[in-house]
Amino acid sequence: MVTPIRPWQLLVGKLLPFALIGIFQLCAATAVAVFGFGVPLRGSFPLLVGLSTLFILCNLGLGLLVSTVVQNQQQAMMSAGLGAMVPMIYLSGLIFPIENMPPAVQLVTYVIPLRYYAEIIRGVFLRGSGIDVLWPEALVLLGMGILIMTVASLRFRKRLD
């Protein structure tokens, strides 16, 4: 409450370590996929890291948004797990093809960042796609990340509860 830092500096201090952890996990998972399971990385690794950073931005924004809404850590875990992660996994197209979902549910999938990131992963890893093909997904993730982070930042307050 009495620190001489600005709110944006506090946000960066809270989120930057998690962003770095996310990038490290991406590198570790890519290494395991390529060297452990023999999955060929047909696209550009720097492009994968760059576009994954957009997805990490969305997820960090969602986490920050959840933390501004709930009262304690238990509520945050339940809200994030049941309210965000489970629907994102089921509606992203990772498990069930989006084309096989009812039309109303297909519309809901457009607001799920993982839908676009799944297409990026498939494009970079399996098809070797570049930014010239993946720019629509990247643009949507960037827009979502900025929107989510803006809303979360506006709700964020230094407080003593």
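Here the structure is shown first, and the text comes after it.
Residues numbered from 1 in each chain as written. Predicted model: local features only at pLDDT ≥ 70, side-chain atom pairs only at ≥ 80, totals over all residues. Heavy atoms only, no water.

Caption draft 1: Structural context of the pattern of salt bridges. Per the stated rule, a full pass over the model turns up 1 salt bridge. Put simply, Glu 119 and Arg 127 hold a salt bridge, and the shortest N to O gap is 2.5 Å. For Glu 119, a relative accessible area of 27% corresponds to the partly exposed category. (Salt bridge = Lys/Arg side-chain N within 4 Å of Asp/Glu carboxyl O. Buried < 20%, exposed > 50% of the residue type's maximum accessible area, 1.4 Å probe, protein only.)

Caption draft 2: Expanded view of the nonpolar core. Judged by nonpolar contacts, the single largest core of 25 residues is most densely connected at Leu 51, Leu 114, Tyr 117, Ile 120, Val 124 and Leu 141. If you list the elements that add at least two residues to this core, you get helix H1 (7-36), helix H2 (45-69), helix H3 (73-91), helix H5 (113-127) and helix H6 (131-155). Broken down by element, the residue count for this core peaks at 7 residues, all from H2. Aside from chain neighbours lying at most four places away, what touches Tyr 117 is Leu 26, Leu 51, Ser 52, Phe 55 and Leu 141. Counting residues in each nonpolar core, the second largest holds 9 residues, with Leu 11, Ile 56, Leu 64 and Ala 152 among its members. (Core = buried A, V, L, I, M, F, W, Y, C linked by side-chain atoms within 4.5 Å. Helix = DSSP H or I, 4+ residues; strand = E, 2+ residues; numbered from the N terminus. Contact = heavy atoms within 4.5 Å.)

Caption draft 3: Quick look at a nonpolar patch on the surface. A cluster of nonpolar side chains, contributed by Met 78, Leu 82, Met 85, Val 86, Ile 89, Tyr 90, Leu 94, Ile 95 and Phe 96, occupies part of the molecular surface with about 880 Å² of accessible area. Mapped onto the elements, Tyr 90 comes out in helix H3. A relative accessible area of 42% means that Tyr 90 is categorised as partly exposed. (Patch = residues over 30% accessible without salt bridge, like charges linked within 9 Å, V, L, I, M, F, W, Y side chains within 5 Å. Areas by Shrake-Rupley, 256 points an atom, 1.4 Å probe, with all protein chains shown as cover.)

Caption draft 4: The arrangement of H3 in detail. The end-to-end C-alpha separation of H3 is 26 Å, in line with the 27 Å expected for 19 residues at 1.5 Å each. Remark: the principal bend of H3, roughly 30°, maps to Gly 81. Of all the residues in H3, the buried ones are Ala 76, Gly 81, Met 88 and Leu 91. On the buried face of H3, the contacting elements are H2, helix H4 (103-108) and H5. Gly 93 lies just past H3 and shows a positive phi near 95°. (Expected span 1.5 Å × (residues − 1). Bend = angle between axes of the 7 residues up to and from the residue.)

Caption draft 5: Region of interest: the packing of aromatic side chains. In total, this model carries 2 aromatic pairs according to the counting rule given. Ring centres of Phe 55 and Tyr 117 lie 4.3 Å apart, and the angle between their planes is 0°; on these two criteria the pair is classed as stacked. Of the two residues, Phe 55 is situated in helix H2 and Tyr 117 in helix H5; the sequence distance between them amounts to 62 residues. On the basis of relative accessible area, Tyr 117 is assigned to the buried category, the value being 11%. Against the face of Tyr 116 rests Arg 115, its NZ or CZ located 5.9 Å from the ring centre. (Phe/Tyr/Trp six-rings, centres within 6.5 Å; stacked < 30°, edge-to-face > 60°. Lys NZ or Arg CZ within 6 Å of the ring centre and 35° of its normal.)

Caption draft 6: Summary view of the state of the cysteines. Evaluation of the coordinates by the stated rule reveals 0 disulfides. Free cysteine Cys 27: the closest other cysteine sulfur is in Cys 58, separated by 19 Å. (Disulfide = S-S within 2.5 Å.)

Caption draft 7: Layout of the environment of Ile 95. Within the secondary structure layout, Ile 95 lies in the loop between H3 and H4. The exposure class of Ile 95 is partly exposed, given its relative accessible area of 47%. Non-local contacts of Ile 95, meaning those with residues more than four positions away in its chain, are made with Ile 89 and Tyr 90.

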